[in-house]
Amino acid sequence: MDCNTNNIFSDYDNKPFNFNCYKGIPCFNKCCAGLKLILTPYDILQIKTALGISSDNFLNKYTNTIFKTGYRFPFLKLAMNSEKDDICHFVTDQGCSIYDNRPAACRLYPIGRAATTIDGEENPREKYFFVREKHCLGFKEDKSWTINEWINHEKAGEYIAMNDQWLNIITASKTLGKENAIQKIQMFYMASYNTDKFRSFIFGSNFFHHFKVTSALKESLAHNDIELLKFGFKWLRFSLFGDKSILSDQCFTLLEPI
């Protein structure tokens, strides 16, 4: 979560570990300040839906865009509240105000997950590790977990599954090419982070002049944000890298070149 302290990461040895966090533990809420937390598209969708605000409002108020050296795409960092000791906007004295919709990194904490995709392999390669911050007293508690028990308890499985679909894009070995590179990055930003604008793009452009979709898929894209995000991931693999696997979907047909 907070990466300012050196040597806070250690290997997970595949053995049960002790951890617990609750209101009343002396370090309660301390892990929610000074975060350098990268938000995934599914994180953003869940939080902005819970808040009942538009994608634009959420992105403008609660995120900072960063360009990491060596990465092709922009990433979004959760903004901290500079007026309140650089703490997360969603933290209260009672704990997290969006707890049921908190980001994947918050769910997994104090476990971290690193993953990447390899061409030709169906599943991503993953590695779990401990995040042991000095202020955290949770490791001294007597509650024991396996990694799978922790993931299930924190309801992180659906987040991991959705994030791995996006991982296929950000770790893809294929290049963007030099043609229309700026437009491709803009498309990445919109389909990944701004579901409202991505829906407007699909329904307000010539999209359906080039592609035929079933009425069921069209209805889903119009009203189901999660299905829209999943479709956006498929669309990005097609539009960024020329991955034509989307054309094998019986719900989606290319009518004419775009």
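As a starting point, this report considers the structure included with it. Note that the structure is a prediction, hence the values are computed from the model and not measured. (Residues numbered from 1 in each chain as written. Predicted model: local features only at pLDDT ≥ 70, side-chain atom pairs only at ≥ 80, totals over all residues. Heavy atoms only, no water.)

Re helix H10 (residues 225–241)
Right, so step 1: For H10, spanning 17 residues, the distance from its first C-alpha to its last is 24 Å, which sits close to the expected 24 Å at 1.5 Å a residue.
Right, so step 2: For H10, the buried fraction is high: twelve of the 17 residues fall into the buried class.
Right, so step 3: Among the residues making up H10, those that are buried are Asp225, Leu228, Leu229, Phe231, Gly232, Phe233, Trp235, Leu236, Arg237, Phe238, Leu240 and Phe241.
Right, so step 4: With its phi angle positive at about 75 degrees, glycine 242 sits one or two positions after the end of H10. (Helix = DSSP H or I, 4+ residues; strand = E, 2+ residues; numbered from the N terminus. Expected span 1.5 Å × (residues − 1). Buried < 20%, exposed > 50% of the residue type's maximum accessible area, 1.4 Å probe, protein only.)

A word on the sheet that holds strand S5 (residues 75–78)
Right, so step 1: Overall, antiparallel pairing links the three strands, which are arranged S3-S5-S4 in an open sheet. Edge positions in the sheet fall to strand S3 (38–39) and strand S4 (63–66), since each of these pairs with one other strand and no more.
Right, so step 2: As paired elements, S3 and S5 share two bridges and run antiparallel to each other. When the sheet's bridge partners are listed, leucine 39 is paired in S5 with leucine 76. (Pairing = 2+ DSSP bridges.)

With respect to the packing of helix H6 (residues 181–193) against helix H7 (residues 195–204)
Right, so step 1: As a packed pair, H6 and H7 sit with axes 6 Å apart at the nearest point and diverge in direction by 110 degrees. Between H6 and H7, the crossing angle belongs to the class labelled roughly perpendicular. Classified by chirality, the crossing of H7 by H6 is left-handed. Between H6, through Met187, Met190, Ala191 and Tyr193, and H7, the contact on the second element is made entirely by Thr195, Lys197, Phe198 and Phe201.
Right, so step 2: A breakdown of the residues in the contact of H6 with H7 according to their chemical character gives six nonpolar, one polar and one charged. (Axes fitted to C-alpha atoms, helices over the stretch in contact; angles between N-to-C directions. Parallel < 35°, antiparallel > 145°, perpendicular 65-115°, else oblique. Left-handed = near helix turned anticlockwise from the far one by under 90°. Contact = heavy atoms within 4.5 Å. Nonpolar A, V, L, I, M, F, W, Y, C, P; charged D, E, K, R; others polar.)

Things to note about the pairing of S5
Two faces belong to every sheet, and in a regular strand the side chains alternate between them.
Right, so step 1: For S4 and S5, the ladder comprises four bridges, and the chain directions are antiparallel. The residue of S5 that forms the bridge with threonine 63 is leucine 78.

Describing the nonpolar core
Right, so step 1: Counting 71 residues, the largest nonpolar core has Ile169, Phe188, Phe198 and Phe231 as its most contacted members.
Right, so step 2: Sort the elements by how many residues they give to this core and H10 lands first, with nine residues.
Right, so step 3: If we ignore the near neighbours within four places in the chain, the residues touching phenylalanine 198 are Met187, Met190, Ala191, Leu228, Phe231, Gly232 and Trp235. (Core = buried A, V, L, I, M, F, W, Y, C linked by side-chain atoms within 4.5 Å.)

Considering the side chain of aspartate 164
Right, so step 1: Mapped onto the secondary structure, aspartate 164 falls in helix H5 (residues 157–170).
Right, so step 2: Within the structure, aspartate 164 has its side chain in polar contact with the side chain of arginine 113 (distance 3.0 Å).
Right, so step 3: With residues near it in sequence (within four places) discarded, aspartate 164 still touches Arg113 and Pro124. (Polar contact = N/O pair within 3.5 Å; in protein donor to acceptor, adjacent residues only side chain to side chain.)

A short note on the pattern of salt bridges
Right, so step 1: All chains considered together, the criterion is met by eleven salt bridges.
Right, so step 2: For arginine 102, the salt bridge identified is with glutamate 154, shortest N-O distance 2.7 Å. Residue arginine 102 is located in the loop between strand S9 (95–96) and helix H3 (104–108), and its partner glutamate 154 is located in the loop between helix H4 (147–153) and H5; the two are separated by 52 residues in the primary sequence. Take arginine 102 and glutamate 154: they sit in the same class, and that class is buried.
Right, so step 3: In this structure, aspartate 164 and arginine 113 form a salt bridge, with 3.0 Å as the shortest nitrogen-oxygen distance. With aspartate 164 in helix H5 and arginine 113 in strand S10 (residues 111–116), this pair connects stretches of sequence that are 51 residues apart.
Right, so step 4: Note on aspartate 164: relative accessible area 14%, which makes it buried.
Right, so step 5: Through salt bridges that share partners, Arg113, Glu126 and Asp164 make up one connected network. (Salt bridge = Lys/Arg side-chain N within 4 Å of Asp/Glu carboxyl O.)

Here we look at unusual backbone geometry
Right, so step 1: With omega at 15 degrees, the peptide bond leading from tyrosine 109 into proline 110 counts as cis.
Right, so step 2: The residue aspartate 86 is not glycine, and still its phi comes out positive at about 60 degrees.
Right, so step 3: What makes aspartate 86 partly exposed here is its relative accessible area of 38%.
Right, so step 4: One non-glycine residue, asparagine 180, lies in positive phi territory at about 55 degrees.
Right, so step 5: Along the chain, the position of asparagine 180 falls in the loop between H5 and H6.

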